[in-house]
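Topology and contacts: notes
Each chain is listed here by its residues.
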Amino acid sequence: AQSVSQHNHHVILSEAASLELGCNYSYGGTVNLFWYVQYPGQHLQLLLKYFSGDPLVKGIKGFEAEFIKSKFSFNLRKPSVQWSDTAEYFCAVIVYNFNKFYFGSGTKLNVKP
Amino acid sequence: DAMVIQNPRYQVTQFGKPVTLSCSQTLNHNVMYWYQQKSSQAPKLLFHYYDKDFNNEADTPDNFQSRRPNTSFCFLDIRSPGLGDAAMYLCATSTSSGGAHEQYFGPGTRLTVT
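Structural notes, computed from the coordinates. Just so you know, these numbers come straight off a predicted model, no measurement behind them. (Residues numbered from 1 in each chain as written. Chains lettered and ligands numbered in written order. Predicted model: local features only at pLDDT ≥ 70, side-chain atom pairs only at ≥ 80, totals over all residues. Heavy atoms only, no water.)

Brief notes about the overall build of chain B
Scanning chain B from N- to C-terminus turns up 0 helices and 11 strands. Counting helices and strands in the order they occur from the N terminus, chain B gives β-β-β-β-β-β-β-β-β-β-β. Its C-alpha atoms give chain B a radius of gyration of 13 Å, within 12% of the compact-globule value 13 Å for 114 residues. In terms of principal-axis extent, the alpha carbons of chain B reach across some 45 × 30 × 30 Å. Looking at the 114 residues of chain B, the share that counts as buried comes to 52%. Of the contacts formed within chain B by residues at least 6 apart in sequence, a portion of 56% connects residues at least 24 apart. Accessible surface computed for chain B: about 5,400 Å², of which carbon and sulfur atoms make up 49%. Counting 9 positive and 9 negative side-chain charges, chain B places the centres of these two groups 8 Å from one another. (Helix = DSSP H or I, 4+ residues; strand = E, 2+ residues; numbered from the N terminus. Rg over C-alpha atoms; globule rule 2.2 N^0.38 Å. Buried < 20%, exposed > 50% of the residue type's maximum accessible area, 1.4 Å probe, protein only. Contact = heavy atoms within 4.5 Å. Areas by Shrake-Rupley, 256 points an atom, 1.4 Å probe, with all protein chains shown as cover. Lys, Arg positive; Asp, Glu negative; His and termini not counted. Charge placed at Lys NZ, Arg CZ, Asp CG, Glu CD.)

Concerning the pattern of salt bridges
In this structure the tally under the stated criterion is 7 salt bridges over all chains. Close ionic contact of Lys49(A) with Glu102(B) constitutes a salt bridge, the shortest N to O distance being 2.7 Å. Within this pair, whereas Lys49(A) is found in strand S6 (residues 45–50), its partner Glu102(B) is found in the loop between strand S9 (87–94) and strand S10 (104–105), the two belonging to separate chains. Judged by its relative accessible area of 36%, Lys49(A) falls in the partly exposed class. Assessed through its relative accessible area of 12%, Glu102(B) is described here as buried. Residue Glu66(A) is joined to Arg77(A) by a salt bridge in which the shortest nitrogen-to-oxygen separation is 3.2 Å. Linking Glu66(A) in strand S8 (residues 64–68) with Arg77(A) in strand S9 (residues 73–78), this pair joins segments that are 11 residues apart in sequence. Of the residues examined, Glu66(A) reaches a relative accessible area of 29% and is grouped as partly exposed. With relative accessibility at 22%, the residue Arg77(A) sits in the partly exposed group. (Salt bridge = Lys/Arg side-chain N within 4 Å of Asp/Glu carboxyl O.)

Remarks on the nonpolar core
Counting 28 residues, the largest nonpolar core has Leu33(A), Trp35(A), Leu47(A), Leu48(A), Phe74(A), Leu76(A) and Tyr89(A) as its most contacted members. Formed by 18 residues, the second largest nonpolar core is a distinct cluster that contains Leu21(B), Trp34(B), Phe64(B) and Tyr89(B). (Core = buried A, V, L, I, M, F, W, Y, C linked by side-chain atoms within 4.5 Å.)

As for unusual backbone geometry
Each neighbour pair has its own omega, and for Asn7(B) with Pro8(B) the value is -15°, a cis peptide bond. Within the secondary structure layout, Pro8(B) lies in the loop between strand S1 (4–7) and strand S2 (10–13). Even without glycine at this site, Ala16(A) takes up a positive phi of about 80°. Phi is positive for Asn28(B), which is not a glycine, with a value near 60°. Its location among the elements puts Asn28(B) in the loop between strand S3 (19–25) and strand S4 (31–37). The exposure class assigned to Asn28(B) is exposed, which follows from its relative accessible area of 64%.

By themselves, these figures tell us nothing about what the structure is for.
Below is the structure:
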């Protein structure tokens, strides 16, 4: 069965630190990849997505992610985090031409001011 | 703004008392999903509608059912809630034309079972 792994469950950073959250998936076919963010008390929002083309994708709020097919990874990065980035981040994979999302278990990011 | 709306945001029900959660969307998307999310866990897909076609996940308990009377509305019925059904329930929508597309989520309904 397909699965999505987020190895960092809880990350604590100081403002201006760099961020990298790991995401690995287990499916050998064509996939589409997403990162969603859930701010405290709010609904899941799309940060960025990869469908095809340039494996380095840029999203909102200065986030980017790199798709490395050989490593089945789609890690999320931000060069300098802000206190307002405190949230939970979910990686998600959808198998091409199917409608099912597979979510990782999420990473809680706590940015200290 | 086009959006996904869930009502109520908070629902308290008694053990064994049927409860219905509702979701509506103004995006005119043909696919609607229901997820269950427990604390510190990934959202777990319960079922989805592809237009009027209902697709149940293999491990979704029989206690959970869904109705989609039209494109805009979708309901989650829990026939006999147990304590283990307390969770956040998320509704999402997407369009399905030509491959895979992002999902748009509602704010969720937090269900408490007493």
